[in-house]
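Each chain, written out:
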Amino acid sequence: MEFRQSSKLSEVCYEIRGPVIEHANALEEAGHSVLRLNTGNPALFGFEAPEEILQDMIRMLPQAHGYSDSRGILPARRAVVQHYQRRGLEDIGVDDVFLGNGVSELVSMAVQALVEDGDEILIPAPDFPLWTAVTTLAGGKAVHYVCDESADWYPDLDDMASKITDRTRAVVIISPNNPTGAVYPREILEGILDLARRHHLMVFSDEIYDKILYDGAVHHSPAVLAPDLVCLTFSGLSKAYRVAGFRSGWVVVSGPRQHARNYLEGLTMLASMRLCPNTPAQFAIQAALGGRQSIEDLVLPGGRLHEQRDRAWEKLNEIPGVSCVKPKGALYAFPRIDLGVHRIHDDERFVLDLLLREKIQVVQGTGFNWPRPDHFRILTLPHVDDLESAISRIGRFLGGYRQS
Ligand code: PLP
C-alpha cells in the first residue's frame, strides 16, 4: 500500500527550496561546484554573526536547556517591546509579543489562527511564497495584488481595492520586499492601511529586512502609521543579524486588541501547541536589539552589501534583453527577461537548464507567484567578484538560450 501526501498539500507551492534543489544536490554529489543563489542565507557567503550575539548565547547556554514560556522568555520579549517603542509603537507590552522559530513559524501560526476555509488574504505578487503557501494550507485563498514594476515595484492600490471581497480577512505587506527589493513609501502604506481600515482587514506586516536599506531609503512600520488597526508586525534575527540558523524571530500585536480577543486566544493556543521556541536562540534577541547595529556598516555606501547590490544591478542591466529595477532594500534583485528577445515559456525549465549548464542556481519568478515566466531572483549576497562572474555567465547562457 502506498502512503500518499495529504490532499491538503496538493495546491501548496514552495519553490525556493523546490525540486531544482535535488538536481543541484546531484550535481554536487557528482563532484561539481554549484553556486547556490537560491536562499537568502548570509552565513553561506562569509557574513559573520555579530560577536556579542554569539557570546551571549554561549554564556546563557547552561541555563537554556529547558522549555521556556510558550510566548518566549521575558527579557527577549521586553527587548522587542522596547525596540518598537523607540520606533514609535508605544501602546504595547510583553504580552503582545510572541517569539518563534524564525518568522516562518509565526507566519504559519498567525495565518492558521485567522483563516476559515475559503477566507481570502491579500498577498503581493511577487511575494515571499511562504505567505501564499501557509494561506493555502490553512484552507484559505491567497489573492494576489499586483506590484507594479514600472513604479519601482510598489503595490498597485487600484488592483488591491478591486480584489477585496466580503471574504477578505487580512492584507500582507512585505517591505522591504523579497524578491523585488522595494521599500514602500509612506503614501503607499497609508493607501493600503486606508483600505484595511475601510474593509476591516487585519494587517500582517513582514519587516524582516527593515534594517537592510540602501540609498537613504526609510522604512515605515504600518503598526506605527495605523495605531487604530490590528497589526501583526513580524521580524527576526535571520537577516540583519546574520543568524538564520538560530531560527529566532518575533511577532508584535498592536492596535485595538479588544477586537481581536478571540483571535489572540487562538494564537496563544497555537503558541502553546508548539511548546516554545528554541530556547538558546531566544537569548540572542536582547543582545541583538540592544547592541551596536553592525548591519549599518554593511548597507551604507562602501559597505559590502551596498557594493554588491550596486554591482549586481549594473551587471544585470548590461545583459541584452534584461532589465532590473534597483533594489532599495533586502538581499535580492528580481530582473525581467524580455520574452521578445529570449524565448522562454517555462521559467522553471530555464532555471533548471541554467543550473545544469552553468552550475548556478537561481529561483524562477513564478516561484514567487509572479504570473509570467519573465523574471528570476538572484541573491546580492556573494562577493562582488563571484556576483560579476555569475551574472556574466547567466548573460552568456541567456544569449544562446531558446526553448522549443
Ligand atoms: N519573511 C521574508 C520576507 C523572508 O524573505 C524570509 C526568509 O527569507 C522570512 C520571512 C523567513 O525568515 P525566518 O528565517 O525568520 O524564518
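Residues numbered from 1 in each chain as written. Predicted model: local features only at pLDDT ≥ 70, side-chain atom pairs only at ≥ 80, totals over all residues. Heavy atoms only, no water.

## Remarks on the site of the ligand
Inclusion rule: Nearness here has a simple test: a residue counts as near a molecule or strand if at least one of its heavy atoms is within 4 Å of that partner. Pairs of N or O atoms are called polar contacts if they sit within 3.5 Å, as long as, within protein, a hydrogen donor faces a hydrogen acceptor (for residues adjacent in sequence, only side-chain-to-side-chain pairs). Only the protein chains shown count as covering a residue, and every accessible area follows the Shrake-Rupley method with a 1.4 Å probe. Secondary structure elements follow DSSP: runs of H or I of four or more residues count as helices, runs of E of two or more count as strands, with numbering from the N terminus. Lys, Arg, Asp and Glu make up the charged group, whereas Ala, Val, Leu, Ile, Met, Phe, Trp, Tyr, Cys and Pro make up the nonpolar group; the residues left over, Gly among them, are polar.
What surrounds the ligand is a group of 13 residues, the closest being Val103, Ser104, Asp206, Tyr209 and Ser238. Between the ligand and the protein, one listed contact pairs an oxygen atom with a side-chain N or O atom of Asn178 at 2.7 Å. For the ligand, the protein covers 93% of the area, taking 400 Å² as the surface of the free molecule. Examining the composition of the shell around the ligand, we find that 3 residues originate from one element, helix H4 (residues 102-114), more than from any other. Within the shell around the ligand, the residues separate by chemical class into 6 nonpolar, 4 polar and 3 charged.

## Things to note about the environment of His345
Heads up, the condition is: Any two residues whose heavy atoms approach within 4.5 Å at even a single point are treated as in contact.
Examined against the element boundaries, His345 turns out to sit in the loop between strand S12 (336-337) and helix H13 (347-358). Linking His345 and Leu305, residues 40 residues apart in sequence, is a C-alpha distance of 33 Å. Beyond its immediate stretch of four places on either side in the chain, His345 contacts Pro373, Gln403 and Ser404. At 2.7 Å, the side chain of His345 and the backbone oxygen of Ser404 are in polar contact.

## Quick word on the state of the cysteines
In plain terms, the rule: Our working definition of a disulfide is a cysteine sulfur pair at a distance within 2.5 Å. Buried residues are those whose accessible area, probed at 1.4 Å on protein chains only, stays under 20% of the maximum for their type, while exposed residues exceed 50% and partly exposed ones sit between those limits.
Applying the stated criterion to the full structure yields 0 disulfides. Free cysteine: Cys147, not disulfide-bonded; nearest cysteine sulfur from Cys324 at 15 Å. Since its relative accessible area comes to 2%, Cys147 is described here as buried.

## Details of the pattern of salt bridges
Formally: A side-chain nitrogen of Lys or Arg and a carboxyl oxygen of Asp or Glu constitute a salt bridge if their distance falls within 4 Å.
Enumeration over the complete set of coordinates arrives at 28 salt bridges. Between Asp310 and Arg309 there is a salt bridge, and its shortest N-O distance comes to 2.8 Å. Residue Asp310 shares its accessibility class with Arg309, and that shared class is buried. Taken together, the salt bridges that share partners define one network made up of Asp194, Arg197, Arg198 and Asp228.

## Concerning the UniProt feature "domain: Aminotransferase class I/classII large" (unreviewed entry) in the protein
Operational definition: UniProt positions are given in the numbering used here, feature names are shortened, and annotations may be inferred rather than shown by experiment.
Following the UniProt record, one finds the feature "domain: Aminotransferase class I/classII large" (unreviewed entry) at residues 34-391. Between the end C-alpha atoms of residues 34-391 the distance is 14 Å, and the span holds 37% helix and 17% strand.

## Some words on the confidence of the model for the protein
For the record, the criterion: The predictor attaches a confidence to each residue, and that confidence, scored 0 to 100, is pLDDT.
Per-chain confidence: the protein averages 95 in pLDDT, with 99% of residues scoring 70 or above. For this predicted complex, the interface score ipTM comes out at 0.99, alongside a pTM of 0.96.

## With respect to the sheet that holds strand S2 (residues 97-100)
In plain terms, the rule: If DSSP finds at least two bridges between two strands, the strands pair.
Strand order in this open sheet of 8 strands is S2-S9-S8-S7-S6-S3-S4-S5, and the pairing throughout is mixed. Whereas interior strands pair on both sides, the edge strands pair on one side only; in this sheet they are S2 and strand S5 (154-155). By the bridge criterion, 4 bridges tie strand S7 (residues 202-206) to strand S8 (residues 231-236) in an arrangement that is parallel. Along S8, the bridge assignment pairs Asp206 with Phe234.

## Remarks on helix H1 (residues 20-29)
Short version of the rule: The directions from the helix axis to the C-beta atoms are what the arc is built from.
Three or more residues of H1 are buried, namely Val20, Ile21, Ala24 and Leu27. Down the axis, H1 shows its buried residues gathered within 120 degrees of arc, on one side only. For H1, the exposed residues lying more than 90 degrees away from the buried face are Glu22 and Glu29. The secondary structure elements touched by the buried residues of H1 are strand S1 (35-36), H13 and strand S13 (360-361).

## A closer look at the sheet that holds strand S14 (residues 363-364)
The strand order across the open sheet formed by 3 strands is S11-S15-S14, and the pairing between neighbours is antiparallel. Whereas interior strands pair on both sides, the edge strands pair on one side only; in this sheet they are strand S11 (332-333) and S14. Direction of pairing for S11 relative to strand S15 (residues 376-379): antiparallel, over a ladder of 2 bridges. By the bridge assignment for S15, Ala333 is matched with Ile378.

## Overview of the pairing of strand S3 (residues 120-125)
Side-chain positions along a regular strand alternate between the two faces of the sheet. Where we set the bar: With the strands pointing away from the viewer, any crossover whose connection runs clockwise from the first strand over the helix to the second is right-handed.
With 6 of its 6 residues buried, S3 lies for the most part within the structure. The sheet contact formed by S3 and strand S4 (residues 141-148) spans 6 bridges and is parallel. Directly across from Glu120, in S4, lies its bridge partner Lys141. What joins S3 to S4 is helix H5 (residues 130-137), and the crossover it makes is right-handed.

## Considering the side chain of Ser68
Structurally, Ser68 is set in the loop between helix H2 (51-60) and helix H3 (74-86). In terms of polar contacts, Ser68 uses its side chain to reach the side chain of Gln282, at 3.1 Å. Residues within four places of Ser68 in sequence aside, it is in contact with Ile73, Leu275, Cys276, Pro277, Thr279 and Gln282.

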